[in-house]
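What follows is each chain in one-letter form.
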Amino acid sequence: MATSASSKLNKAVKQQYMDLPQGDKVQAMYIWIDGSGEGLRCKTRTLDSEPKTIEDLPEWNFDGSSTYQSEGSNSDMFLVPSAMFRDPFRKDPNKLVLCEVLKYNGKPAETNLRHTCKQIMRMVENNHPWFGMEQEYTLLGTDGHPFGWPSNGFPGPQGPYYCGVGADKAYGRDVVEAHYRACLYAGVQICGTNAEVMPAQWEFQVGPCEGINMGDHLWVARFILHRVCEDFGVVVSFDPKPITGNWNGAGCHTNFSTKEMREDGGLKVIEESIERLSKRHRYHIGAYDPKGGLDNARRLTGHHETSNIEEFSAGVANRGASIRIPRSVGQDKKGYFEDRRPSANCDPYIVTESLVRTCLLKEEGEEPTDYSK
């Protein structure tokens, strides 16, 4: 993607305006997931005072025909504030507001997977389901080429880059550090970062979060990463296999536990859950990327620390398995397990919901149960 010579703006010039006082007014940036199921959109409105709770935020609307969410003849969609965070770009008292999207008739938009996830999490709240998600991503230049890679070739083979240090091993650490601090400021439950196996590939971890909070915090962390990259003039990709060939793909490994799993003897409950997951592999693969498994088919090949998409497997400390039981969990006989199948561009709402459906609600078959009937 070629850019004009005038495309770069001066961030230092911008700062003198950002330092201006804003009086009693508050800027609230409303964020939502578009019709692609993985793209994020945002727009800002002025509030007369700082909102203290989600109830203080007004509902809003937008043109769904420009976000792959409606036809032009009936394009109004509604934004329902669902989670609120501090704004690390405009700073206090300004807010980031994650919203659910409703159609003109009040029903959830097709890519509003939060709506059903919230209902399912309420059904199992006494089990206190905890999640931690490991979000891998790749930094690209605006031309789509991996950040820091030679313009007409490839860097050296994988090996020195994972958790690497040095200008020849870690490409784009400034973005990672800025994102980490911005998430901490916002109140996102970020718990770590590291350089990944492929150069220009990184990971951040969010959790432990209970129930619906997992999806809320991961989506806002992704939004913050997009905005940080925008400021640095680079692009973040959550594509599960951004570079073909002998390079690692990008996943979103999901750690899951319940109150029972975390207590003494919980390993038995973990093993029972894995047994249920083994009988519902196709349902989970369909839920673990926005294209019903097609994106993951490029990544889950059985190579590059992945399992084969066609086969379910589980093992202790096995990074080539569908489900990994950490070695410490095997020793302590309690804790959590890691589902290594979700793709980097998965929707965390459907991933966490599907784990709860299979492991706690004990659903079977390839279709989710409709509890509204």
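Remember, it's a predicted structure, so these values are computed and weren't measured experimentally. Going along each chain's sequence as written, the residues are numbered from 1 onward. Per-residue local features of the predicted model are confined to residues with pLDDT of at least 70, and side-chain atom pairs are confined, for both listing and counting, to 80 or more; whole-chain, interface and lining totals are unaffected and use all residues. Side-chain measures here rest on the full set of heavy atoms in the structure, leaving out hydrogens and waters.

The next thing to look at is the packing of aromatic side chains. Centre distance within 6.5 Å is the pairing criterion for rings of Phe, Tyr and Trp, where only the six-membered ring of Trp is used; planes under 30 degrees apart are then read as stacked, over 60 as edge-to-face, and the remainder as tilted. What the rule picks out here adds up to nine aromatic pairs. Their ring planes at 75 degrees and their centres at 5.1 Å tell us that Y30 and W60 sit as a pair that is edge-to-face. Taken together, the residues span a long stretch of sequence, with Y30 in strand β1 (residues 26–33) and W60 in strand β3 (residues 60–63) at a distance of 30 residues. Note on exposure labels: buried denotes an accessible area under 20% of the residue type's maximum, exposed denotes more than 50%, and partly exposed covers the range between, all computed with a 1.4 Å probe on protein chains only. By relative accessible area, which is 19% here, W60 ends up buried. Through a chain of ring-to-ring contacts, three or more aromatic side chains come together here, namely F131, F256 and F337. Working rule: Lys NZ or Arg CZ, within 6 Å of ring centre, within 35 degrees of ring normal, means a charge sits over the ring. It is R86 that lies over the ring of Y185; its NZ or CZ is 3.9 Å from the centre. Only runs of H or I of at least four residues qualify as helices and only runs of E of at least two qualify as strands under DSSP, and these elements are numbered from the N terminus.

Cis geometry marks the peptide bond from D92 to P93, where omega comes out at 10 degrees. Take P93: it is sitting in the loop between β4 (76–86) and β5 (95–102). Omega for the bond connecting G207 with P208 falls within 30 degrees of zero, at -5 degrees, which places this linkage in the cis form. Of note, K91 is a non-glycine position whose phi angle comes to about 65 degrees, a positive value. If you trace the backbone, K91 turns up in the loop between β4 and β5. Residue K91 is classed as partly exposed on the basis of its relative accessible area of 49%. Residue K333 is not a glycine yet carries a positive backbone phi of 65 degrees. Along the polypeptide, K333 turns up in the loop between α9 (327–332) and β13 (337–339). Since its relative accessible area comes to 44%, K333 is described here as partly exposed.

Moving on: the packing of helix α6 (residues 266–278) against helix α10 (residues 348–359). As a packed pair, α6 and α10 sit with axes 9 Å apart at the nearest point and diverge in direction by 105 degrees. Considered as vectors, α6 and α10 are oriented roughly perpendicular to each other. Counted together, S273, R276 and L277 of α6 and L355, T358 and C359 of α10 form the full contact between these two elements. For every element, the axis is a line fit to its C-alpha atoms; helices are fit only across the contacting stretch, and the angle between N-to-C directions ranges from 0 to 180 degrees. Throughout, the term roughly parallel applies to angles under 35 degrees, roughly antiparallel to angles over 145, roughly perpendicular to angles from 65 to 115, and oblique to all others. Contacts are assigned to residue pairs that have any heavy atoms within 4.5 Å of one another.

On to the environment of G292. Position of G292 among the secondary structure elements: in the loop between α7 (281–287) and α8 (294–297). For the pair G292 and D174, spaced 118 residues apart in sequence, the C-alpha to C-alpha distance is 34 Å. Ignoring anything within four residues of it in the chain, the contact list for G292 reads I285 and G286.

What follows covers the pairing of strand β7 (residues 190–195). A regular strand places its side chains on the two faces of the sheet in alternate fashion. A pair of strands is labelled paired if DSSP reports no fewer than 2 bridges between them. Both β7 and strand β8 (residues 201–210) contribute to a ladder of five bridges, which runs antiparallel. Within β8, the position partnered with A195 by the bridge is W202. Taken together, β7 and the strand that follows it, β8, pair antiparallel across an intervening segment of five residues, in which A200 is found at a positive phi of about 80 degrees.

In terms of domains, the protein chain is made up of domain 1 (24–111) and domain 2 (121–360). Throughout the structure description, domain borders are defined by an automatic or database domain assignment. Computed from C-alpha coordinates alone, the two centres of domain 1 and domain 2 are separated by 26 Å. Take the accessible area each of two parts loses on contact, using a 1.4 Å probe, and add the two losses: that sum is the buried area. A combined buried area of about 1700 Å² lies between domain 1 and domain 2, and 73% of that area is made up of carbon and sulfur atoms. For domain 1, the biggest contributors to the area lost against domain 2 are E38, F85 and F89; these three give 37% of the whole. Salt-bridge detection follows one rule: a side-chain nitrogen of Lys or Arg within 4 Å of a carboxyl oxygen of Asp or Glu. Connecting domain 1 to domain 2 are one salt bridge. For the purposes of these results, a polar contact is taken to be a pair of N or O atoms within 3.5 Å, where, inside protein, one atom must be able to donate a hydrogen and its partner to accept one; residues adjacent in sequence count only when each atom of the pair is a side-chain atom. Applying the counting rule to domain 1 against domain 2 returns five residue pairs in polar contact (both at pLDDT 80 or more). Elements represented by at least two residues in the side of domain 1 that touches domain 2 include exactly β1, β2 (40–47), β4 and β5. The residue inventory of the side of domain 1 that touches domain 2, partitioned by class, reads 11 nonpolar, three polar and five charged. Polarity classes work like this: nonpolar for Ala, Val, Leu, Ile, Met, Phe, Trp, Tyr, Cys and Pro, charged for Asp, Glu, Lys and Arg, and polar for all others, with Gly in that last group.

As summarised here, the arrangement of the five strands in space is β2-β1-β5-β4-β3, forming an open sheet in which the pairing is mixed. At either end of the open sheet lies a strand with only one pairing partner, and these are β2 and β3. With strand direction ignored, the average angle separating the axes of adjacent strands in the sheet is 40 degrees. Here β1 runs beside β5; their pairing, made up of four bridges, is parallel.

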